[in-house]
2 protein chains.
Amino acid sequence: MRGEFDLIREYFASHGGTRYVPLGIGDDCAIMTPPPDRDVAVTTDTQNEGIHFFRGTDPKLLGYKSLLVNISDLAAMGAEPWCFTLSLTIPDSSEKFLRPFSEGLFSLASRCHMGLIGGNTSKGPLSVTIEAFGLLPKGRALRRDGARAGDLIYVTGDLGAPGLYVEAGYGRVRVRDEELHDLCIKSMEIQPRHDFAGELLQKDLSACAIDISDGVVGDLKHILKRSRLGARLDLNALPQASELGEFVKDPDKRMELAAFGGGDYELLFTSPSDRAKDVMLLSGSMGVKVSQIGTITTGSFEILKDGKIVEPAMRPFEHF
Amino acid sequence: MRGEFDLIREYFASHGGTRYVPLGIGDDCAIMTPPPDRDVAVTTDTQNEGIHFFRGTDPKLLGYKSLLVNISDLAAMGAEPWCFTLSLTIPDSSEKFLRPFSEGLFSLASRCHMGLIGGNTSKGPLSVTIEAFGLLPKGRALRRDGARAGDLIYVTGDLGAPGLYVEAGYGRVRVRDEELHDLCIKSMEIQPRHDFAGELLQKDLSACAIDISDGVVGDLKHILKRSRLGARLDLNALPQASELGEFVKDPDKRMELAAFGGGDYELLFTSPSDRAKDVMLLSGSMGVKVSQIGTITTGSFEILKDGKIVEPAMRPFEHF
């Protein structure tokens, strides 16, 4: 959309057309023509050096994760990934950065059949803002206000590895250099959950989801606030990443990282209790691990540990 | 879309619903339902401190201009402004910044009937990325590849004041402090041209436009490249902002600032020569100054000054 974009066109514009996008990169705007039986889901997320990722992070992982966090938001609505724009601020336009960054970005974009339809680049401290678009069946979506009393609460995958990586990066958990590198990859090359979420919506197994960015406790709060309900969350039921057992001795600390660490980008969703069998069948058929971690209630938000209500010590991640 | 957005919700979320947006701020995604007889135009632009604006710039002007540059892209397609998302990176979430920034932003958004439908905030060096959406009649738009040989080339408004402001800001043109302040306001509180552009499209007076960000010469080049045509551009016909006469003695320097200064966000468009009278009638009825500055040709790109082809000394603005 801006002239400067020409400069890195070789890295970003060679990826063909995008369905329902008659005009992509190269004009003042892109033009989108979503099918009349679909709604459009739109989200945006920024990754800033020193805040969302450590200085010196592999550009390939950064490219991957910058798109992943947006796909994760699309998944949280049950939307099918469609296309995206990229706003890239970089200190200089070096090939050393741009080549691996675009490789990481497009490895995930291709897998999700997403086209890049526009963007801009400018000079400044490293910062990546992606705006992603998804398609939804008209009038339907997984929404934060869609929980119902009695719904079971589920989470996909395992929790805590990204939180552990941050702790290790700051030296608060001791790991060797190559272990830190592996943790970095694990916390950035996260598997997107849009396929599974799309099936939850299609099969009417859920009306409510959120992706875990702030930590499962913090994100469940967002659901409860919007749904005007309470919950009972069992910390012992949280599925812990194997790395927690490997590097963290204190079982309380492991539980805290799984509950509050954040950055997991797994799917937190609710489903009526009489559909529990169907949820588990879907989990099995799609090969996506699903754990039941609590129940939606009409009461307050209760967090249980070893069967007792606890007041958690750690607070959810906040920037300010 | 992210939890942190809650913090500045008081500044950004009190602005009511947006048409065709059943779900706005507060979930993982916003949901858009554009009418079936419309296409969606989408654009994004970033404003970075020290690159796109000087450190210490009035946050109110920054809020205004961050949206204006995006509306200018919508105008360049002939699209009607619809809604936008905001990705804001700020060093700290001080009221001293957020209050005037949101005032400037929403003063323009309200005037253009645009709703804020999502976004995120994070910590870091001051940077504003806005993604703006507009509505187009299905299958129609002003496009860079829409010029035809024989079309007349027009520009709205006057040129050169934003270029002069940059020169003065760097001390290359001497002005007094209060004059610099006035130049700053003039170069940031620019009038959007979407109404005029929309009429050009509706009345079929144009098929081709671009907004002037890089300077009229640089932006005309984008049109010529995409339309695979040449042009004859008359530097003497460029409408110069009154400030150029006031602060710049050298007439060649004045002409250069009007031609290459950039940041004008006026509309550069082409129109068949037999519609010239209609263009001028529209100009008069809408109170938008329009100047004819050249002609689209099948030849090369010729820049004329005092009737002679010149090789310009100054290059268009580039970040890298």
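All figures in this text were calculated on a predicted structure; none of them were measured in a lab.

> I keep staring at the overall build of chain A and nothing clicks. Help me out?
Of the regular secondary structure elements, chain A holds 10 helices and 12 strands. Its C-alpha atoms give chain A a radius of gyration of 20 Å, near enough to 20 Å, the size a compact globule of 320 residues would have. Seen through its principal axes, chain A has C-alpha atoms that stretch 60 × 50 × 35 Å. Across the 320 residues in chain A, those meeting the buried criterion constitute 61%. Within chain A, contacts between residues separated by at least 24 positions form 85% of all contacts whose residues are at least 6 apart in sequence. As presented, chain A carries roughly 12,400 Å² of accessible surface, and 49% of it is formed by carbon and sulfur atoms. Between the mean site of the 36 positive side-chain charges and the mean site of the 45 negative ones, chain A shows a separation of 3 Å.

> Even after reading the chapter, I still don't get the sheet that holds strand S5 (residues 127–137) of chain B, so can you show me in this structure?
Picture the strands of a sheet paired through backbone hydrogen bonds; they go either parallel or antiparallel. Across the sheet, five strands lie side by side as S1(A)-S2(B)-S5(B)-S3(B)-S4(B); this open sheet has mixed pairing. Because the sheet does not close on itself, it has two edges, and the strands there are strand S1 (30–32) of chain A together with strand S4 (115–123) of chain B. Put simply, the sheet's adjacent strands are angled 20° from each other on average, direction ignored. Pairing between strand S3 (residues 80–90) of chain B and S5(B): nine bridges, direction antiparallel. Across the sheet, residue Phe84(B) finds its bridge partner in S5(B), namely Ala132(B).

> Just checking my understanding: could you explain the interface of chain A and chain B for this structure?
How big an interface is tends to be expressed through the accessible area that disappears when the partners come together. On the chain B side, the residues contacting the 65 residues of chain A number 64 residues. Counting every contact that joins chain A to chain B gives four salt bridges. The partner of Arg144(B) in a salt bridge is Asp27(A), with the nearest N and O atoms 3.7 Å apart. Taken together, the connections running from chain A to chain B amount to 27 residue pairs in polar contact (both at pLDDT 80 or more).

> Mind showing me how you'd approach unusual backbone geometry here?
Negative phi characterises most residues that are not glycine, and trans characterises most peptide bonds. In this model, Tyr20(A) sits at a positive phi of 65°, which is unusual for a non-glycine residue. Along the chain, Tyr20(A) falls in the loop between helix H1 (9–12) and S1. You can call Tyr20(A) partly exposed: its relative accessible area is 33%. Positive phi values are uncommon outside glycine, yet Asp306(B) reaches one of about 50°. You can see Asp306(B) is positioned in the loop between strand S11 (301–305) and strand S12 (308–309).

> Is there a simple way to think about the nonpolar core in this case?
General note: in soluble globular proteins, nonpolar side chains tend to be found buried as a group. In terms of nonpolar packing, the biggest core is built from 93 residues, with Phe12(A), Phe84(A) and Leu268(A) touching the most fellow members. Residues Leu23(A), Phe53(B), Leu126(B) and Leu267(B) belong to the second largest nonpolar core, which totals 56 residues.

> Would you explain the relation of the copies chain A and chain B in this entry?
Between the two copies of the chain lies a relationship made up of a rotation around an axis and a movement along it. Superposition record for chain A on chain B: RMSD 0.0 Å, screw rotation 180°, translation along axis 0.0 Å. Those values place the two copies in the arrangement expected of a two-fold rotation axis. Residues of chain A ranked by C-alpha distance from the rotation axis are headed by Pro36(A), positioned 2.8 Å from it. The residues that chain A uses at the interface reappear at the interface of chain B in 98% of cases, marking a shared surface.

> Would you take a moment to explain the packing of aromatic side chains for this structure?
Describing an aromatic ring pair means giving the distance of the ring centres and the angle of the ring planes. According to the stated counting rule, one finds 15 aromatic pairs over all chains in the structure shown. Ring centres of Phe133(A) and Phe133(B) lie 5.7 Å apart, and the angle between their planes is 80°; on these two criteria the pair is classed as edge-to-face. Placement of the pair is Phe133(A) in strand S5 (residues 127–137) and Phe133(B) in strand S5, with the two residues belonging to separate chains. Considered together, Phe133(A) and Phe133(B) belong to a single accessibility category, that of buried residues. Their ring planes at 75° and their centres at 5.3 Å tell us that Phe54(B) and Tyr170(B) sit as a pair that is edge-to-face. Here Phe54(B) is found in the loop between strand S2 (38–48) and helix H2 (59–77), whereas its partner Tyr170(B) is found in the loop between helix H4 (161–169) and helix H5 (177–188), with 116 residues between them in sequence. Judged by relative accessible area, which is 23%, Phe54(B) ranks as partly exposed.

> Looking at this model, I keep getting lost on helix H2 (residues 59–77) of chain A. Mind explaining?
A turn of α-helix holds 3.6 residues, and therefore any two residues three or four places apart point the same way. Residue and element names in this part refer to chain A. For H2, spanning 19 residues, the distance from its first C-alpha to its last is 28 Å, which sits close to the expected 27 Å at 1.5 Å a residue. Of all 19 residues in H2, 18 are buried, a share of seventy percent or more. Between a side-chain oxygen at the N-terminus of H2 and the backbone nitrogen of Lys60 the separation is 2.9 Å; the capping residue is Asp58. Gly78, located one to two residues past H2, shows a positive phi value of around 80°.

Conventions and cut-offs
- Residues numbered from 1 in each chain as written.
- Chains lettered and ligands numbered in written order.
- Predicted model: local features only at pLDDT ≥ 70, side-chain atom pairs only at ≥ 80, totals over all residues.
- Heavy atoms only, no water.
- Helix = DSSP H or I, 4+ residues; strand = E, 2+ residues; numbered from the N terminus.
- Rg over C-alpha atoms; globule rule 2.2 N^0.38 Å.
- Buried < 20%, exposed > 50% of the residue type's maximum accessible area, 1.4 Å probe, protein only.
- Contact = heavy atoms within 4.5 Å.
- Areas by Shrake-Rupley, 256 points an atom, 1.4 Å probe, with all protein chains shown as cover.
- Lys, Arg positive; Asp, Glu negative; His and termini not counted.
- Charge placed at Lys NZ, Arg CZ, Asp CG, Glu CD.
- Pairing = 2+ DSSP bridges.
- Axes fitted to C-alpha atoms, helices over the stretch in contact; angles between N-to-C directions.
- Salt bridge = Lys/Arg side-chain N within 4 Å of Asp/Glu carboxyl O.
- Polar contact = N/O pair within 3.5 Å; in protein donor to acceptor, adjacent residues only side chain to side chain.
- Core = buried A, V, L, I, M, F, W, Y, C linked by side-chain atoms within 4.5 Å.
- Least-squares fit on C-alpha atoms with pLDDT ≥ 70 in both.
- Phe/Tyr/Trp six-rings, centres within 6.5 Å; stacked < 30°, edge-to-face > 60°.
- Expected span 1.5 Å × (residues − 1).

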